[in-house]
Amino acid sequence: MSESNKVTTTGLTNEEFKELQDFIYKKSGMFFPLSRKHYIEQKVIKRIQTLRYKKFADYLRILKEELIRTEIINLFNEITVNETFFFRDLPQLEVLENHIFPEAVERGKRVINILSAGCSSGEEPYTISIILREKFPQLSYNIWGIDISDLVVAKA
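Each value, and the rule that gives it
Residues numbered from 1 in each chain as written. Predicted model: local features only at pLDDT ≥ 70, side-chain atom pairs only at ≥ 80, totals over all residues. Heavy atoms only, no water. Buried < 20%, exposed > 50% of the residue type's maximum accessible area, 1.4 Å probe, protein only. Helix = DSSP H or I, 4+ residues; strand = E, 2+ residues; numbered from the N terminus. Pairing = 2+ DSSP bridges. Right-handed = clockwise from strand over helix to strand, strands pointing away. Axes fitted to C-alpha atoms, helices over the stretch in contact; angles between N-to-C directions. Parallel < 35°, antiparallel > 145°, perpendicular 65-115°, else oblique. Contact = heavy atoms within 4.5 Å. Nonpolar A, V, L, I, M, F, W, Y, C, P; charged D, E, K, R; others polar. Core = buried A, V, L, I, M, F, W, Y, C linked by side-chain atoms within 4.5 Å.

## With respect to the pairing of strand β1 (residues 111–117)
Okay, so step 1: Going residue by residue along β1, you find Ile112, Ile114 and Ser116 tucked away on one face and Val111, Asn113, Leu115 and Ala117 left uncovered on the opposite face.
Okay, so step 2: As paired elements, β1 and strand β2 (residues 140–146) share 7 bridges and run parallel to each other. Following the sheet pairing, Val111 is matched in β2 by Ser140.
Okay, so step 3: Note that the unit made of β1, helix α6 (residues 123–135) and β2 has a crossover that is right-handed.

Take a look at the structure:
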């Protein structure tokens with residue numbers, strides 16, 4: 001990238017970060033504390049450079065005024081971590097296996113519906129399915145996975 005296309009700021013001011021932090025929270029519910037400023041800053045600078053802008057203010061205007069409708073999706077794809085693996089959160093899975101699912105069986109439920117919010121590329125919903133198939137074959141189930149990152153949902 002030529003020198004003329006580089007972002008002119010070396011980083012976001014605390015005020016700029018606060019404005020972006022508020023915007024992200026309002027649009028997504030994701031909160032990034034000041035301790036994550038450097039992480040967010042690097043991701044935003046990457047987006048600004050990709051769009052060939054020079055100033056953070058220009059980029060924020062694009063987001064707020066939806067001048068490029070897909071940019072918010074691009075930003076969210078950049079800033080989400082998307083960490084996932086099978087049997088990832090054992091305490092949560094143990095609650096499902098040892099309390100929630102047995103209680104559903106006791107109550108005579110035949111079908112259980114589960115929403116996996118923040119499912120990334122799907123390992124967590126698949127893990128829940130494995131537990132249900134192996135330990136609770138008497139239950140039918142529907143599992144829906146959603147994520148703010150369209151890239152990982154497409155992978156799932």
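## Re the packing of helix α1 (residues 14–28) against helix α2 (residues 37–50)
Okay, so step 1: Between α1 and α2, the shortest axis-to-axis distance is 11 Å and the interhelical angle comes to 80°. By the criterion of interaxial angle, the relationship of α1 to α2 is roughly perpendicular. Contacts between α1 and α2 involve Asn14, Phe17 and Leu20 from the former and Lys37, Ile40 and Val44 from the latter.
Okay, so step 2: Residue composition of the contact of α1 with α2, grouped by class: 4 nonpolar, 1 polar and 1 charged.

## A few points about the nonpolar core
Okay, so step 1: Ranked by internal contacts, the top residues of the largest apolar core, which has 17 residues, are Leu20, Ile24, Val44, Leu75 and Ile79.
Okay, so step 2: Looking at this core, the elements that each hand over two or more residues are α1, α2, α3 (56–64) and α4 (71–79).
Okay, so step 3: Each residue touching Leu20, except ones within four places of it in the same chain, is listed here: Leu12, Ile40, Val44, Phe56, Leu60, Leu63 and Leu75.

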